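Read off the chains here:
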Amino acid sequence: MAGRPLLTHVLERAKKIQPIDQVVLTAPPEDTALWDLAAEWFVPVVPRTPPNVLEGFQRAIQQEKADICVRLTGDNPLLAPALSAQVIGLYWLQPWAPAIYAHNLNPPTGWPEGLDTEVFPAGLLSGGAWTDREREHVTLRVAQVAKPAVLWSPVLAPCPRLTVDTAEDLERVRAIYAHLKPYDFSWQATLRAAKEAGI
C-alpha cells in the first residue's frame, strides 16, 4: 500500500500507541520476509506455528515479561493509535476485578472493522486446556472469563470496512489512504478520507 508492505503501516502506527512499552510481532519461523521487515522497524519477533496464535502470545509474554497484552492484528493498516490508547486507558480505569477485557470490537461497538484493539491481563493466556479454535482466536476465551469494558463509537452513521482480508478490501483501503494527509493517523481523518474517496 502506497509502495510499502501492508505490515509496515501497522508497525508504524502501533509504535505510536501510548503507553505501550514494546511492540512484538509473532510470525512463523519460515516467513523470513516478516522477520526481516520487523527488524527494519526494530520490532522483536517471536516464532509461532500456524494457526497457533496462542503459542506466539505466550512466547512474547515470557520474552518481554509482560503483565498486560494489547492485541493488534497485521491486517489493519489504518489502525488509529490514539483510539487504541483510549482502549488501554479504559482498561486502567476499571475498578478492581479478577480480570478485565477492554476492547472496541465491532460488533457490538459501532467502530469500523479495522481499528480493533483488545487489552487484557497476560495471565489469562496461561494454563488450562485450549481448543484448536481458542488457540487460533485467543480472545474467545478471554471474553468468556474476564469482565468486559467496551469503548463505544460516537459515530452513528454506518462506517466503511477498514481491515484487509480480500483484494476488494485492499482496493478500498488504498483508495482511502490516497486521501489521507501524511502522518495523520486519527480515526476521524480516516473517515473523512473515506468520504472524500466516495466510500
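Keep in mind that this is a model prediction, so the values were computed, not measured.

A. Just helix 7 (residues 167-177), in detail. Residues of helix 7 that are buried include every one of Asp169, Arg172, Val173 and Ile176, and no others. All buried residues of helix 7 lie within an arc of 95° about the axis, which places them on one face of the element. Every exposed residue of helix 7 that faces more than 90 degrees away from the buried side is listed here: Ala167 and Glu171. The inward-facing, buried residues of helix 7 contact helix 8 (187-196).

B. Looking closely at the nonpolar core. If you look at the biggest cluster of nonpolar residues, it comprises 38 residues, and the most contacted ones within it are Leu83, Leu115 and Trp187. Counting residues per element, the ones that place at least two in this core are helix 1 (6-14), strand 1 (25-27), helix 2 (32-40), helix 4 (81-93), strand 4 (100-103), helix 7 and helix 8.

C. Highlighting the side chain of Arg71. Position of Arg71 among the secondary structure elements: in strand 3 (residues 68-71). Overall, Arg71 belongs to the buried group, its relative accessible area being 18%. Setting aside anything within four residues of it in sequence, one finds Arg71 in contact with Phe57, Asp116, Thr117, Glu118, Phe120, Val138 and Thr139.

D. Representation of the packing of aromatic side chains in the model. Counted by the stated rule, this structure contains five aromatic pairs. An angle of 35° between the planes, with centres 6.4 Å apart, marks the rings of Phe57 and Phe120 as tilted. Here Phe120 lies in strand 5 (residues 118-121) and Phe57 lies in helix 3 (residues 53-64), a separation of 63 residues in the sequence. Each member of the pair Phe57 and Phe120 is classed as buried. Here the aromatic rings of Tyr183 and Phe185 are separated by 6.4 Å at their centres, their planes lie at 65°, and the arrangement is edge-to-face.

E. The sheet that holds strand 6 (residues 147-150), seen in detail. Reading across the sheet, the four strands line up as 3-5-4-6 and stay open at both edges, with mixed pairing between neighbours. Two strands close off the open sheet at either side, each with one partner strand: strand 3 and strand 6. Going across the sheet, the axis of each strand differs from the next one's by a mean of 20°, ignoring polarity. Where strand 3 lies against strand 5, four bridges are found, and the strand directions are antiparallel. Within strand 5, the residue paired with Val70 across the bridge is Val119. Set on the sheet, helix 4 makes contact with strand 3, strand 4, strand 5 and strand 6; between it and strand 5 the angle comes to about 35°.

Definitions and limits used
- All residue numbers here refer to positions counted from 1 along the written sequence of the relevant chain.
- Only residues with pLDDT of at least 70 are given local features in this predicted model, and only at 80 or more are side-chain atom pairs given and counted; all residues enter the totals for whole chains, interfaces and linings.
- Hydrogens and waters are ignored; side-chain quantities use all the structure's heavy atoms.
- The cut-offs for exposure are 20% and 50% of the maximum accessible area for each residue type, with area from a 1.4 Å probe on protein chains only; residues under the lower value are buried, those over the upper are exposed, and the others partly exposed.
- Counting from the N terminus, the helices are the DSSP runs of H or I reaching at least four residues and the strands are the DSSP runs of E reaching at least two.
- As used here, the arc belongs to the directions running from the helix axis to the C-beta atoms.
- Contact between two residues is taken to exist if any of their heavy atoms lie within 4.5 Å; hydrogens are not considered.
- Think of a nonpolar core as a cluster: buried Ala, Val, Leu, Ile, Met, Phe, Trp, Tyr and Cys residues, connected wherever their side-chain atoms sit within 4.5 Å.
- Any pair of Phe, Tyr and Trp rings, taking the six-membered ring for Trp, is counted once the centres come within 6.5 Å. Such a pair is stacked with planes under 30 degrees apart, edge-to-face with planes over 60 apart, and tilted for the rest.
- A pair of strands is labelled paired if DSSP reports no fewer than 2 bridges between them.
- The angle between two axes is taken between their N-to-C directions and runs from 0 to 180 degrees, where each axis is a line fitted to C-alpha atoms and a helix contributes only its stretch in contact.

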